[in-house]
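Here is what each chain is made of, one letter per residue.
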Amino acid sequence: MKIRKMRLVVLILGLVSVITIMTVTISGEALKINNISKNYKEKLIRFHVIANSDSDEDQALKLKVRDEIISYLQPKLKKSKSIEESEKIIKSEYKNLMNISNKVIAANGYDYNVKVGITYSKFPTKQYSNMVLPAGEYKALKVVIGKGEGKNWWCVMFPPLCFVDEENGVIDKETDEKLRSVLSDEEYKLITQKNRDSAGKTKMKFKIVEIMEKIEKSF
């Protein structure tokens, strides 16, 4: 019995040690990610579309509104060299974006109201081809359809990474160069990898950090 108890104590102490080491390591990683990402989050504008509800019809409508807004704004933002310039362009287009959204909604037989504006929104960890953005608050063009109680959709509007087909989206040379021009070397290395598989591993690391931060905040 004594030997069993000793083995149990050793096992528990071992588990506590492993958990402690993991917590310290992840906390250090979280601090590193947060320190690097504080500035680059202010260099991006994301696109956030929220559906009226989670019904199939409302979700389909959300994607139609998304597609039309992306088609309209992408050419206008393509030559933008800074977040300030992009934000100015988007704000000057509020009225047109409202009209586009309303037309799509009406054409599909609905009469939902639409809210359009640039604000800060919370985003989960997200992978775009070989680039991964950690969770956090980002400046975003936010489009809320109707009650805004449905699942949302998001992408990066500046630099332009709004892929309609995200799974097959590839960051082209021009977009990659724009990323390099607006981010520091440290920021660029944090979120970009050589290929999609490497980015997937980075995404997992960011996800673990995201979960640990949520656990810490709950205490």
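All chains use their own residue numbering, which begins from 1 and follows the written sequence. The model is predicted, so local features are restricted to residues of pLDDT at least 70 and side-chain atom pairs to those at 80 or more, both for listing and for counting; the totals for chains, interfaces and linings are taken over all residues. Side-chain descriptors were evaluated using all non-hydrogen atoms of the structure, hydrogens and water having been removed beforehand.

- Within an unreviewed UniProt entry, the label attached to the chain reads Stage II sporulation protein R, and the organism entered is Metaclostridioides mangenotii.

### Structural notes on the sheet that holds strand 5 (residues 136-145)
Pairing between the strands of a sheet is mediated by backbone hydrogen bonds and can be parallel or antiparallel.
Here is step 1: Pairing between two strands requires that DSSP report at least two bridges joining them. Numbering of helices and strands runs from the N terminus; a helix is a DSSP stretch of H or I covering at least four residues, while a strand is a stretch of E covering at least two. The mixed open sheet is built from four strands, whose spatial order is 2-5-1-6. At either margin of the open sheet sits one strand with a lone partner, and together these are strand 2 (114-123) and strand 6 (152-158). Pairs of neighbouring strands in the sheet enclose a mean axial angle of 30 degrees, with direction left out of account.
Here is step 2: When strand 1 (residues 45-50) meets strand 5, the two strands line up parallel, connected through five bridges. Fitting a line to C-alpha atoms yields each axis, with helices limited to the stretch in contact; the angle taken between N-to-C directions then spans 0 to 180 degrees.

### Thoughts on the pattern of salt bridges
Here is step 1: Should a side-chain nitrogen of Lys or Arg be within 4 Å of a carboxyl oxygen of Asp or Glu, the pair is scored as a salt bridge. Overall, the coordinates contain six salt bridges when judged by the stated rule.
Here is step 2: Among the ionic pairs, Glu187 bridges to Lys43, the shortest N-O distance being 2.9 Å. Of this pair, Glu187 sits in helix 6 (residues 185-191) while Lys43 sits in the loop between helix 1 (2-40) and strand 1; the two residues are 144 residues apart in sequence, bridging distant segments of the chain.
Here is step 3: Exposed residues in this analysis have more than 50% of their type's maximum accessible area, buried residues have under 20%, and partly exposed residues fall in between, with area computed by a 1.4 Å probe over protein chains only. We classify Lys43 as partly exposed; its relative accessible area is 24%.
Here is step 4: Bridged by salt links that share partners, the residues Glu87, Lys91 and Lys139 form one connected network.

### Topic: the environment of Asp67
Here is step 1: Along the polypeptide, Asp67 turns up in helix 2 (residues 56-77).
Here is step 2: Assessed through its relative accessible area of 25%, Asp67 is described here as partly exposed.
Here is step 3: Between the alpha carbons of Asp67 and Cys162 there is a distance of 9.5 Å; along the sequence they are 95 residues apart.
Here is step 4: Counted as a polar contact is a pair of N or O atoms within 3.5 Å, where, for protein atoms, one must be capable of donating a hydrogen and the other of accepting one, and residues adjacent in sequence contribute only when both atoms are in side chains. A polar atom in the side chain of Asp67 sits 2.8 Å from the side chain of Arg66.

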